[in-house]
Amino acid sequence: MADKIKFAFLLAGGCAGCEMAMVDMSEKLLSALDHLEIVFWAPTVADVKYKDLEAMEDGSIDLAFIDGMIRSSEHEHITRILRAKSKILVAFGACAALGGIPGMANQHTKKEIFNQSYFDTFSTDNPDKVVPQTTTRVDGKYELTLPEFYENVLRIQDVAEVDYFVGGCPPHHDFIAKAVEAIIAGNLPPKGSWLTSGKAVCDVCKRNPANKDMARTQVFESKRIVDGEPDPDICLLQQGYLCLGPITQGDCGASCLNVNMPCRGCGGPIPGVKDYGARAISAIGSILGSEEAAVQLMEKFPDLTKLVYRYSLPSSLLASKEK
Amino acid sequence: MAKVGVYVCHCGSNIAGVVDVAAVREYAETLPDVVVSREYLFMCSDPGQELIRKDIKDGLVDRVVVAACTPRTHEPIFRKALESAGLNKYFFEMANIRDQDSWVHGDDHAGATRKAKQLVASAVAKAANLEALEDTYVDVTQAAMVVGGGVAGIFAALDLANMGHKVYLVEKEPSIGGVMAQLDKTFPTNDCSACILTPIMVEVGTHPNIEMLTYAEVEDVDGYIGNFKVKVRKKQTYVDWTKCTGCGACAEACPAKVPDSFNCGMNDRGAAYIHFPQAVPKKAVVDMKHCLNCAGHKIGQEPRISKKTGEPMLAPCEKACAADAINRSLPWNPEGELIEIEVGTVVLATGYRVMEKEHFKEYAPDSPNVLTALQMERLISATGPTGGKLLRPSDGKKPKVLDFISCVGSRDIRHHTYCSRVCCMYMIKQARLLMEKYPDLEIYMHFIDVRTPGKDFDEYYTHAAEMGIHFIKGKPGGIEMLPDDRLRVLGYDSAMGENIEVDADLVILATAIELPEDAQKLAQKFSMTMDGSGFFKELHPKLKPVDTPIEGVFLAGCCQGPKDIPDTVAQAKAAAASAAIPLAQKRVKIEPILSEVYPEKCSGCGICVPLCPYNAISLKPYADRPRAVIDMTQCKGCGVCASACPSGAIILHGYTDDQIYSQIAALTQSA
Amino acid sequence: MEKCGLYLGCNIPFKAPDIEQSLRQVFPPLGVEVVDLPGASCCPAWGTAPSFDIDTWLALSARNIALAEKQGVDVMTGCNSCFGVLSEAKHVIDASAAKKDVVNEKLATIDSAYAGSSKIYHIGHILHEKIGTEKIKKNLRYSLDGLTAAVQPGCHLLWPTKSMEVTEENPFFPTMLSDLCGALGLRAPTYSNIEACCGMGAMRSTDQEKSFILAKEKLVRMKEELNPDMIVTTCSSCYLQLDGAQKIFRDRGEIDFEIPVFYYTQLLALCMGADPAEVACISDTPRAAIIAEIQSEQRRMK
Amino acid sequence: MPTVNLTQMNTHEIIQKVVEFGGDGVVKCIQCGACASICPVSHAGFPLFCKQLIRKVQTGYEEEILDDPSTWACVACNRCVEVCPRGVNPTEVIFAFRRIQANELAISTSSLMSQSNLYEKGHAVLSGESKKLRVKVGLPENPPTSVNDEKAQKEIQTLLDNSPMADLGIF
Amino acid sequence: MEFSPNIVGFACQWCTYAGADLAGNLRCKYPSTVKLIKVPCSGRVEPEYVMQALARGADGVFVGGCHFGDCHYKTGNYKTSRRMMLLTKLLSDMGIAKDRFRLEWISGAEGKKFAETITEYTEQVKKIGPNLFKGGK
């Protein structure tokens, strides 16, 4: 057996859910650890500091995962460091690969976000109107610093070259296991690829009419999940619940569909798609049965953008607003 | 790496007079993938094409961009040039720098030149991403369909049949003949319409290659050139046509009163009727909408038994029919019969209607003495409501003063902006026929302009003036109703520059020719495009006058635009000849600009399946999973499925994502 | 009770106030409350602002319409010309947001604003469409059975249909006024030039003699074709022309007949029992005899 | 009438002017004559009715017809608008020309009276008899209009003062 | 220099592209701002194309198809209409000025309308000003 693979795991701007998913591999993680030597996984698993990472030699890490997105100068800094140290860098999970849920903040300016966070909410008590500064002098002598909060949420690939992408919020543990096994076996696609089956959720969804030898029909009325409990055996889209399964990579095994919830797109677009949201409205717009149905949809979903870009707004072709 | 050759056309001065052609050529040289860039006076000329062929043969270029007029007319020409030089003809792309540039930006030479450069860059970018495609061929069903049994349909059907092809002639009325059968005499020779048309109708009726489907309408069309599947509904006649001899006894016996459409509503016919005396086929129908169910004998029921006689009580039509063709006890299906016919080509000859007078409020439409010209035609016809006698509808008296008004609904933005083309001539014809028969009549005719451009037409008109018919240049703006049922036409005489009035017994309105509503519905079934005037649009106004955007479907007669009988017959014969070409070739080419599924990318979501307007997409197992597949013979290449596919598994050859993105990139490069 | 803003114009209040009086008397019993539009001006007449500057015309018209809008009522006019000017102005303003802005900019200088919420009706439309002949019949005290009228609807009530709230089924062969006459028991057959112009208005002020050509042709055809007991019109201009010109023709010996002329609501008021001294007492062509006949005992309804 | 040399006419300028003053239909006219046939102005015998005016404008006449009062005889009956098959809106062409005439003060003096009445009292038509007549029929001396309403008169004057009409010095 | 917008157009080959050619035949003048990309049907225009053009800095994007009922492929333009309705919403949510994107139905017989539409649309885009966004991927 060859040497153990030197492995690093970095949390950038996320919630650490992806790391929890990794742990959810359970026994499979244990057997994987036979092949992995964890050199950095702060702070969840290993007590290694940024400076320890900075001290490593460039290219000394074989494989690095990053979860979470870039929201601050700290995220960018450490991502760039890890990139330099790693032979293979994987953007792991929806935030890292697409911008994720936090990416929806790109519909708002930094100023709006600060106002909301530090002034406007009912529970905020901030009479001096204090907002975070990158540097603060305390007692006239101590200079304290904070990372800079960026105008926009960025993906990992916006600040560093990414070799592979994994979707999911979080990635499904069965799928992580497959990916890790493939990496260990050295069975990797060309760089820049997604580690994925390349198939949509529908391919693995037991509700897909095609999987039941039934014909798909057009949709005349859109529904939200609050509008009632969907029939658990029939395709949600057919029932009018805007499921994004057809547009989303299905390495999750249609987990949400299995619990009667529509897909919201965390798996990311099928490879080759340039813009997740645009592709989603093209597909959904196509199966609507009438002009009225399109109008009704927009009334039903007044914030359509946050529906179709729930996990991928920073990946949109029009990632930032026209100023 | 693609080797793109760019060829910029001067089109004489059409392009070069506005666009700096040399600058465009030089700019093209700087574009990626471009290996050679040339300009020439007329690229479509043989020496122009030779420039391209030589560069291909010399191995210099393997993709060709021509910047010239428009691909809509010239793409096929240049593709042929590529083919003859041994290059796949789909390695061709055109930049439209004439129709969409020099011709519309004549006052902005700099802007036109800048746009030409961008259009060339866009074409080059697409060209570099083009793929080789191959034409395929399918066999042609050896039969043709002609829709519409007027004079246009009659001649199209006869010519096709005489060439040896099986022809289905579909006509919505019980008889063929169309509007021409309603006409009295025809200009400019004044020969009797029925006399010249009837023998030809009989020829159609007896032709071994022609199957007439009268009282029938096209319900649905599927398929493509060479293999159309047309569903035709034969409406229920309630008369057994295999037995009916056309004697007309049922029509005479029928007590119902229905406005006779053949006589433009000027008299009544029965619910049981024969379309007109010279009908072909001469068969009766029962118009069930107006049937009175005499003797309580409803369709499909046994007759009641008379208490007096003990005999069954039959309706008069049943009793009158000696041939036993009318049997109301039978369970006639009101839906008639739906039959599916397979044909290789189709000629549409659905004809026209004239506008009703009700639209023209200023012309006293409520007066019975205001007639449309077609009503006038029936009024002077020997088979018309008065047996050919000129009588005033309000009181049956002989009129003394007649007044014709032209351009009623034509050349009028409230109705139709076009000239109906035949009105001037038929008004003059009617006036002449009337003058010849009743020399004491006073006849006035109001024109905006008298239009007589046909052979012998102007002589016909000037002779009418010599006969004493009064021609007045100026359109009347109104009619007043006088107490004695006469009509005061309020006119203006442009020649004198004076207001004039005519107190007329009869006013005849030359109402516009227009496409009937049912023809518009038919147009949708055949995916016809309509022109600005509301008629079926030919593929090219000059060079493809009987072709349509749907390959294998051709046009004849007034459904394509107003025209007279000689022009209609000429066009019908042209349409027949064109429709015969695929039949003679026995196979037709299918262009490869079609959609295709990459099954290994397909996720089987099935979203594409209900989108296809041609039902070309289905899900079939591929490596044990349901995957979409497109039937190439059904696909028309619209690309709606490719745009919808969430997996990007469908591509439309000739318009792939890569190709279009490269064009977007080129057009958003600052030029 | 439905309210309607009575737009008086110029001719009615200044030259034929008996018509104004008839308007004020007939509507309340028919269920329409007449609301005044205080401060209303000239519509403005075709020969004034509309002949000089479009925007000035629109602003003046819009100011009048705005008076009704402020009270939340529609406008009804007794004068055809006012109806034409106001309808056309409303049509032009409502068709273009830009025009509306221009108009409101002007109105802002006088603290007014045009919204487009009030419709423009002619009193004939209110009587025919809103009240209806059945309701009119129920309010009559005298019947005109056996009498014949020649009606004169007037140009501005007929065309252009594109800018009017209510239109005749066929404006070239109008029937509304004949219907309204029919409600009074009056026979009002059509005649050949029923739709023609009487020559009043701008034409009469430009060249009285030429305008009389039209008026005379109209009167002669009425006389020859119908021999009517009276002429009935819903246009104050036609009323003044046909009444006034008739006297002149007679004085000059150009015609040998006289036909009394009524504005429709005058006749209606008489049939409802109004005092002729209030509602029908100003005319050049004598009306006393026919008025006496109308309100005679034999004609009183049971 | 002397012969008109068409090449010496400036058609562009007058057409442009008519279009600017609201008669944009003038270029659509094909001289079919429908408007003339029912035009009261033509029937009454005025020389420059709708069709003639349009033709003359199309031909480039301006000075030659500027003083013709026929246009002021148009009662705006709009029947021509209703029957015109080309969407010319002849009434508007006449009014456009009237506006050109008005701006050159090529108008009758009697018309000036209406303008000043409108300015002073808000009514183009007034009558010296009116008060007497009104009292006779049992109405107040003045109707509830601008005639006796200073605020309303001020409003109308403001609108007119701020209009191009004010530049003509006719109030 | 006056701002001359760069407008990327997508035109169905049966209607709007033919209408644009007809504008040429009729010599109807319009600004040289729009450059058409020919597609078989407006239903081939993916919302992503519109976004890509805007992302790459096109000042305006124009999509032209057949009138309802006139689609050469029966129903393609209905699909276009529904997709573009949703796209318009997305673009506005993402802060793209309303007239950066325009959908019009122009038939092959409407050469004059094509010229008028482009003239009017160009004016609209001029009013918004240049697209400063250059983010195409």
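Residues numbered from 1 in each chain as written. Chains lettered and ligands numbered in written order. Predicted model: local features only at pLDDT ≥ 70, side-chain atom pairs only at ≥ 80, totals over all residues. Heavy atoms only, no water.

### Some details on the domain arrangement of chain C
Residue and element names in this part refer to chain C. How we decide: These domain limits were set by an automatic method or by a database of domain assignments. Any two residues whose heavy atoms approach within 4.5 Å at even a single point are treated as in contact. Two parts placed together each lose some accessible area; with a 1.4 Å probe, that loss summed over both constitutes the buried area. By salt bridge we mean one thing: a side-chain nitrogen of Lys or Arg within 4 Å of a carboxyl oxygen of Asp or Glu. Contacts described as polar in this section are N or O atom pairs within 3.5 Å, which, within protein, must combine one atom able to donate a hydrogen with one able to accept it, while residues neighboring in sequence count only if both atoms come from side chains. Think of it this way: any DSSP run of H or I at least four residues long counts as a helix, any run of E at least two long counts as a strand, and we number them from the N terminus.
Splitting chain C by domain gives domain 1 (2–122) and domain 2 (139–299). Taken over C-alpha atoms, the centre of domain 1 sits 24 Å from the centre of domain 2. Each partner contributes residues to the interface: domain 1 has 28 residues there, and domain 2 has 31 residues. For the domain 1 face of the interface with domain 2, the top three residues by lost area are Asp 18, Ile 19 and Asn 80, together amounting to 24%. Applying the counting rule to domain 1 against domain 2 returns one salt bridge. Put simply, Asp 18 and Arg 287 hold a salt bridge, and the shortest N to O gap is 3.3 Å. At the boundary of domain 1 and domain 2, one finds eleven residue pairs in polar contact (both at pLDDT 80 or more). Elements supplying a minimum of two residues to the side of domain 1 that touches domain 2: helix H1 (11–15), helix H2 (17–26), helix H4 (80–94) and strand E4 (120–122).

### Observations concerning the packing of aromatic side chains
Note on aromatic pairs: each is described by the distance of the centres and the angle between the planes. The test is simple: Any two rings among Phe, Tyr and Trp, with Trp reduced to its six-membered ring, count as a pair given centres within 6.5 Å; such a pair is stacked if its planes are under 30 degrees apart, edge-to-face if over 60, and tilted if neither. Buried means the residue's accessible area, taken with a 1.4 Å probe over protein chains only, is under 20% of the maximum for its type, while exposed means over 50%, and partly exposed covers the values in between. Geometrically, a charge over a ring is one whose NZ (Lys) or CZ (Arg) sits within 6 Å of the ring centre while staying within 35 degrees of the ring normal.
As enumerated under the stated definition, the model contains 31 aromatic pairs over all chains in all. Aromatic side chains Trp 159 of chain C and Phe 172 of chain C sit 5.7 Å apart centroid to centroid with 40 degrees between the ring planes, which places their arrangement in the tilted category. Of the two residues, Trp 159 of chain C sits in the loop between strand E5 (149–152) and helix H8 (176–183) while Phe 172 of chain C sits in the loop between E5 and H8, which places them 13 residues apart along the sequence. Here Trp 159 of chain C matches Phe 172 of chain C in class, with each residue buried. Measuring from centroid to centroid gives 6.4 Å for Phe 62 of chain E and Tyr 121 of chain E, while their planes differ by 40 degrees, and the two rings are tilted. Here the residue Phe 62 of chain E occupies a position in strand E3 (residues 60–65), and Tyr 121 of chain E occupies one in helix H4 (residues 111–128), the gap between them amounting to 59 residues. What makes Phe 62 of chain E buried here is its relative accessible area of 0%. Judged by its relative accessible area of 1%, Tyr 121 of chain E falls in the buried class. Aromatic ring contacts, followed pair by pair, group Phe 7, Phe 9, Trp 41, Phe 65 and Phe 92 of chain A into a single cluster. Stacked on the ring of Tyr 661 of chain B, the Lys or Arg Lys 274 of chain A has its end atom at 4.5 Å from the ring centre.

### Side note on helix H12 (residues 264–271) of chain C
Count 3.6 residues to each turn of an α-helix, and residues three or four apart come out pointing the same way. All names here are of chain C. H12 sits mainly inside the fold: eight of its eight residues count as buried. Listed in full, the buried residues belonging to H12 are Tyr 264, Thr 265, Gln 266, Leu 267, Leu 268, Ala 269, Leu 270 and Cys 271. Just beyond H12, the residue with positive phi is Gly 273, at close to 100 degrees.

### Some points on the domain arrangement of chain D
For chain D, the assigned domains read domain 1 (6–103) and domain 2 (109–168). If you average the C-alpha positions of domain 1 of chain D and of domain 2 of chain D, the two centres end up 30 Å apart.

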